[in-house]
Amino acid sequence: MNIEWEDGFRISVRAENGEVTISANRAGLLSLAGQLRALAQGVPGDHIHYDAFNSLEDGSCELVIERIEDERNGQGARK
């Protein structure tokens, strides 16, 4: 999977009271959009790890986004 970053991206993730907030500048949002598209084209089990060591602002929570099966309870893909 090809993970690309826009120049100057900034992304932070925080979790509080059961709510997760992802904050990003324009370059960060474009980076995430491209990465989510790449992940969607992957296979179940593919995933992307985001953390303060490789992509997120200091103080951010770790975030893992994983591609799962399209079928749910035998009802087929959701659109």
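In the block above lies the structure referred to throughout.
Just so it is clear, the model here is predicted, and its values are computed rather than measured.

Reading guide: rules and limits
Residues numbered from 1 in each chain as written. Predicted model: local features only at pLDDT ≥ 70, side-chain atom pairs only at ≥ 80, totals over all residues. Heavy atoms only, no water. Helix = DSSP H or I, 4+ residues; strand = E, 2+ residues; numbered from the N terminus. Buried < 20%, exposed > 50% of the residue type's maximum accessible area, 1.4 Å probe, protein only. Contact = heavy atoms within 4.5 Å. Areas by Shrake-Rupley, 256 points an atom, 1.4 Å probe, with all protein chains shown as cover. Lys, Arg positive; Asp, Glu negative; His and termini not counted. Charge placed at Lys NZ, Arg CZ, Asp CG, Glu CD. Pairing = 2+ DSSP bridges. Core = buried A, V, L, I, M, F, W, Y, C linked by side-chain atoms within 4.5 Å.

Caption draft 1: The arrangement of the overall build of the protein chain in detail. A tally of regular secondary structure across the protein chain gives 1 helix and 4 strands. Reading the helices (α) and strands (β) of the protein chain from amino to carboxyl end gives β-β-α-β-β. In terms of principal-axis extent, the alpha carbons of the protein chain reach across some 40 × 30 × 20 Å. Burial statistics for the protein chain: of 79 residues in total, 23% are counted as buried. Within the protein chain, contacts between residues at least 6 apart in sequence are counted, and of these 41% link residues at least 24 apart. For the protein chain, the accessible area works out to roughly 6100 Å², and carbon and sulfur atoms hold 45% of it. Distance from the positive charge centre (8 side chains) to the negative charge centre (14 side chains) of the protein chain: 10 Å.

Caption draft 2: Region of the structure containing the pairing of strand β2 (residues 19-24). For strand β1 (residues 11-16) and β2, the ladder comprises 6 bridges, and the chain directions are antiparallel. Paired with I11 across the two strands is A24, which belongs to β2. Remark: 2 residues form the turn of the hairpin made by β1 and β2, two consecutive strands paired antiparallel; N17 in that turn has positive phi of roughly 55°.

Caption draft 3: Expanded view of the nonpolar core. Listed in full, the 8 residues of the largest apolar core are I11, V13, L32, L39, I48, Y50, L56 and L63. Beyond its immediate chain neighbours, meaning those up to four positions away, L63 contacts V13, I22, I48, H49 and Y50.

Caption draft 4: Inspection of the pairing of strand β3 (residues 47-50) at higher detail. Here β3 shows a clear split, with I48 and Y50 buried on one side and none of H47 and H49 buried on the other. In this structure, β3 lies alongside strand β4 (residues 63-66), joined through 4 bridges in antiparallel fashion. Bridging from a neighbouring strand, Y50 pairs with L63 of β4.

Caption draft 5: Inspection of the environment of V13 at higher detail. Among the secondary structure elements, V13 is positioned in strand β1. Residue V13 is classed as buried on the basis of its relative accessible area of 4%. V13 sits 23 residues away from L36 along the chain, and the two C-alpha atoms are 16 Å apart. The residues touching V13, leaving out its near neighbours within four places in the chain, are V20, T21, I22, L56, G59, S60, C61 and L63.

Purely spatial values, then, with no claim about function.
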